[in-house]
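If you want the building blocks of each chain, they are given just below.
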Amino acid sequence: MIPVAGKMQAAVVREFGRPLQIESIPVPIPGRHEILLETEACGVCHTDLHAADGDWPIKPNLPFVPGHEGVGRVIGIGEDVGNFAIGDRAGLPWLYNACGTCEYCTTGWETLCPTAQYGGYTVNGGFAQYMVVDARYAPHIPDALSSVQAAPLLCAGVTTYKGLKETEARPGQWVVISGIGGLGHLAIQYAKAMGLEVAAVDVREEKLTLAREVGASITINAAIHDPVKVIQHEIGGAHGVLITAPSTPAFQQAVGMTRRKGTCVLVGLPPGDFPLPIFDVVLKRLTIRGSLVGTRNDMEEALALAAKHGISAHFETAALDDINRVFEQLRYGKVQGRVVLDMNRNELELAGCTAIADATLLRRF
Ligand code: NAD
Ligand code: ZN
Ligand code: ZN
C-alpha cells in the first residue's frame, strides 16, 4: 500500500530534553531525486539523544523526527531518480545530501560540505513508519544483511570504519577503542577485519566482556584503572586511538594513550572541551583529528566489509513507542551494543489514509 497523502506514526521531538511524542503526522512525499521508503528498521544512535537534548551548538529546528540508521523498502519514487526501483532496500544515513559542487564535494569529502543536510537532524529521520531519502546519497542495502542487521552499520558502522582509516594504523599495529557502545563494539570488529590489534576501554565491565567477545585482546576498565598507564606499560602507546565515548575525560586519556607519531581520532561528541597537553603533542608529534561519519564511498566499503566478514552489531529490537525507554538506557550507558527499532514490532497501525498532506508541511510537518 502506498499511503500517499496518508498519515504515519512517528517519534517527534517537540522540546529539547523532554520525552519524544508518538504522533500521527503526514507521510512525506518524495520530491526531485527522492524516494519514499517504508521503514523496516532504524538504529538508535547516541547522536539521536544529543539531538533530542539539544546538546550541540547547532541545534535542529523543532519539531523534528530523529533517526539516521534507517533501512526501508522503496514504495515511491520522485522525479530524476535512476538508481532505485520499487521494492529495493535503501538506507537513510546521517549524510542526507550535500551540494555536490563545493571544494569538499568535488574532492571526495562531501561529509564536510557546508550546506550538507543531516538525516534525523536538519531533515526528518527514521523514527517513523515512512521516510524520504535522497536517492543520490542513500546506500543500497546488500542482500546478505537483514534490515535490522544493516541499520547500525549506517552510522555506527561507517563512522568507526572511517575513523579507523583516519588513524592511519596499518595491519599488525595497535589501536585503542575508547567507549565500547554502539560505535565501539563495531569498531573492534572493523579493526580486526582490517588486520589491527585492538585494546578496548570502557567504564562498565559488561561492555568489556562484549569487547573481548568481538575480538579485543586487551580490555581496560577506566573506572578502576588508569588506561593511559596500562596502555603505555603494555604496548608503549597505540598507533591509533579512536574515541567514541560521549564523555570528556575519555578525550584527555585518549591523547595520553597515543604512541609517538600516532594519531588520535575524535568521534564521540559530548558537549564541552578538554585540555590538550601542548608539550606532549609537539614532542611526540601526535596527530589529533576529528572524523565525521563517512562518505558514500566509505559507506559502500563499510557495508561490503560487513557482509564479507560477518561484522554485525549485537542488538536488541524495540518498538517505535519504546523510544523513551531506549533513550534512558542509552543515557546511562546501559545499552549493550545497539537497540534497533523494528517497525514490524510496531503495534500501531497506519492512521487513516484519506487526509491530504500539505506539501509545504512535509519537511517540518
Ligand atoms: P553509546 O551510548 O552506545 O556508547 C558509549 C559508550 O561509551 C558506552 O559503552 C559507555 O559506557 C562508554 N563510556 C562512557 N564514558 C566513558 C569513559 N569515560 N571512558 C570510556 N568509555 C566511556 O553511544 P554511541 O551511539 O556509540 O555514540 C558515541 C558517541 O559518538 C556519541 O557522542 C555520538 O554522538 C558520537 N557519534 C559521532 C559520530 C561522528 O560522525 N563523529 C557518529 C555517530 C556517533
Ligand atoms: Zn549516529
Ligand atoms: Zn558541497
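Residues numbered from 1 in each chain as written. Chains lettered and ligands numbered in written order. Predicted model: local features only at pLDDT ≥ 70, side-chain atom pairs only at ≥ 80, totals over all residues. Heavy atoms only, no water.

Caption draft 1: Quick peek at the domain arrangement of the protein chain. The domains assigned to the protein chain are domain 1 (4–155 + 295–361) and domain 2 (157–290). Between domain 1 and domain 2, the C-alpha centre-to-centre distance is 28 Å. Each partner contributes residues to the interface: domain 1 has 30 residues there, and domain 2 has 25 residues. With both sides pooled, the region where domain 1 packs onto domain 2 buries about 2,200 Å², and carbon together with sulfur makes up 58% of that total. If you sort the residues of domain 1 by the area they bury against domain 2, Asp298, Ile311 and Gln336 come out on top, with a joint share of 22%. At the boundary of domain 1 with domain 2, the tally comes to 3 salt bridges. (Domains from an automatic or database assignment. Contact = heavy atoms within 4.5 Å. Buried area = accessible area lost by both parts, 1.4 Å probe. Salt bridge = Lys/Arg side-chain N within 4 Å of Asp/Glu carboxyl O.)

Caption draft 2: Looking closely at the coordination of the zinc ion (ligand 2). Listed as protein donors to the zinc ion (ligand 2) are Cys45 (SG), His68 (NE2) and Cys155 (SG); their distances from the metal cover 2.0 to 2.3 Å. Spacing between the donor residues of the zinc ion (ligand 2) along their common chain follows C-x22-H-x86-C. With Cys45 in the loop between β3 (34–44) and α1 (46–53) and Cys155 in the loop between α2 (147–150) and α3 (156–167), the pair connects residues that are 110 residues apart, well separated along the chain. For Cys45, a relative accessible area of 3% translates into the label buried. (Donors = N, O, S within 2.8 Å, 3.2 Å for Na, K, Ca; no water. Helix = DSSP H or I, 4+ residues; strand = E, 2+ residues; numbered from the N terminus. Buried < 20%, exposed > 50% of the residue type's maximum accessible area, 1.4 Å probe, protein only.)

Caption draft 3: Region of interest: the packing of α3 against helix α4 (residues 182–193). Packing of α3 against α4 leaves a shortest axis separation of 8 Å and a crossing angle of 55°. With respect to each other, α3 and α4 are oriented oblique. In terms of crossing hand, the pair formed by α3 and α4 is right-handed. Across from Ala156, Gly157, Thr159, Thr160, Tyr161 and Leu164 in α3, the residues of α4 making contact are Gly182, Leu183, Leu186, Ala187, Tyr190 and Ala191. Of the residues that constitute the contact of α3 with α4, the class distribution is 8 nonpolar, 4 polar and no charged. (Axes fitted to C-alpha atoms, helices over the stretch in contact; angles between N-to-C directions. Parallel < 35°, antiparallel > 145°, perpendicular 65-115°, else oblique. Left-handed = near helix turned anticlockwise from the far one by under 90°. Nonpolar A, V, L, I, M, F, W, Y, C, P; charged D, E, K, R; others polar.)

Caption draft 4: The pattern of salt bridges, seen in detail. Tallied over the entire structure, the rule returns 15 salt bridges. The shortest N-O distance in the salt bridge between Glu69 and Arg338 comes to 2.8 Å. Here Glu69 is found in the loop between α1 and β4 (70–77), whereas its partner Arg338 is found in strand β16 (residues 338–342), with 269 residues between them in sequence. Across the pair Arg289 and Glu168 runs a salt bridge whose closest N-O atoms are separated by 2.9 Å. Here Arg289 is found in strand β14 (residues 287–290), whereas its partner Glu168 is found in the loop between α3 and β9 (174–178), with 121 residues between them in sequence. When salt bridges that share partners are traced, they join Lys162, Lys165, Asp298 and Glu301 into one network.

Caption draft 5: Structural context of the packing of aromatic side chains. Across all of its chains, the model carries 6 aromatic pairs by this definition. Seen in terms of ring centroids, Tyr161 and Tyr190 are 5.6 Å apart; in terms of plane orientation they differ by 45°. Their pairing is tilted. Of the two residues, Tyr161 sits in helix α3 while Tyr190 sits in helix α4, which places them 29 residues apart along the sequence. Note on Tyr161: relative accessible area 8%, which makes it buried. Assessed through its relative accessible area of 0%, Tyr190 is described here as buried. For the ring pair Phe251 and Phe274, a centre distance of 5.6 Å and an interplane angle of 45° mean the geometry is tilted. Placement of the pair is Phe251 in helix α7 (residues 249–257) and Phe274 in the loop between β13 (258–266) and α8 (278–283), with a sequence separation of 23 residues. We classify Phe251 as buried; its relative accessible area is 6%. Relative accessible area serves as the criterion here: at 22%, Phe274 is assigned to the partly exposed category. A network of ring pairs unites the aromatic residues Trp56, Trp94, Tyr118 and Tyr121 as a single cluster. Its end group placed over the ring of Tyr137, Arg296 keeps NZ or CZ at 4.0 Å from the ring centre. (Phe/Tyr/Trp six-rings, centres within 6.5 Å; stacked < 30°, edge-to-face > 60°. Lys NZ or Arg CZ within 6 Å of the ring centre and 35° of its normal.)

Caption draft 6: Structural detail: the site of ligand 1. Around ligand 1 sit 31 residues, and of these His46, Thr47, Asp202, Val293 and Arg338 come closest. Within the side chain of Thr47, an N or O atom sits 2.7 Å from an oxygen atom of ligand 1. Within the backbone of Ser291, one N or O atom sits 2.9 Å away from a nitrogen atom of ligand 1. A total of 870 Å² of accessible area belongs to ligand 1 in isolation, and the protein chains cover 94% of it. Where the shell around ligand 1 is concerned, the elements lending two or more residues are α1, α4 and β10 (197–202). (Near = heavy atom within 4 Å. Polar contact = N/O pair within 3.5 Å; in protein donor to acceptor, adjacent residues only side chain to side chain. Areas by Shrake-Rupley, 256 points an atom, 1.4 Å probe, with all protein chains shown as cover.)

Caption draft 7: Focus on the sheet that holds β9. Taken in spatial order, the 6 strands of this open sheet run β11-β10-β9-β12-β13-β14, and their pairing is parallel. A single partner strand is all that each edge strand has here, and the edge strands are β11 (218–221) and β14. Averaged over all neighbouring strand pairs, the angle between strand axes comes to 15°, with direction disregarded. Of the strands in this sheet, β9, β12 (238–243), β13 and β14 are in contact with α3, which crosses β12 at around 150°. Packed on one face of the sheet, α7 meets β9, β10, β12, β13 and β14 and runs near 150° to β13. (Pairing = 2+ DSSP bridges.)

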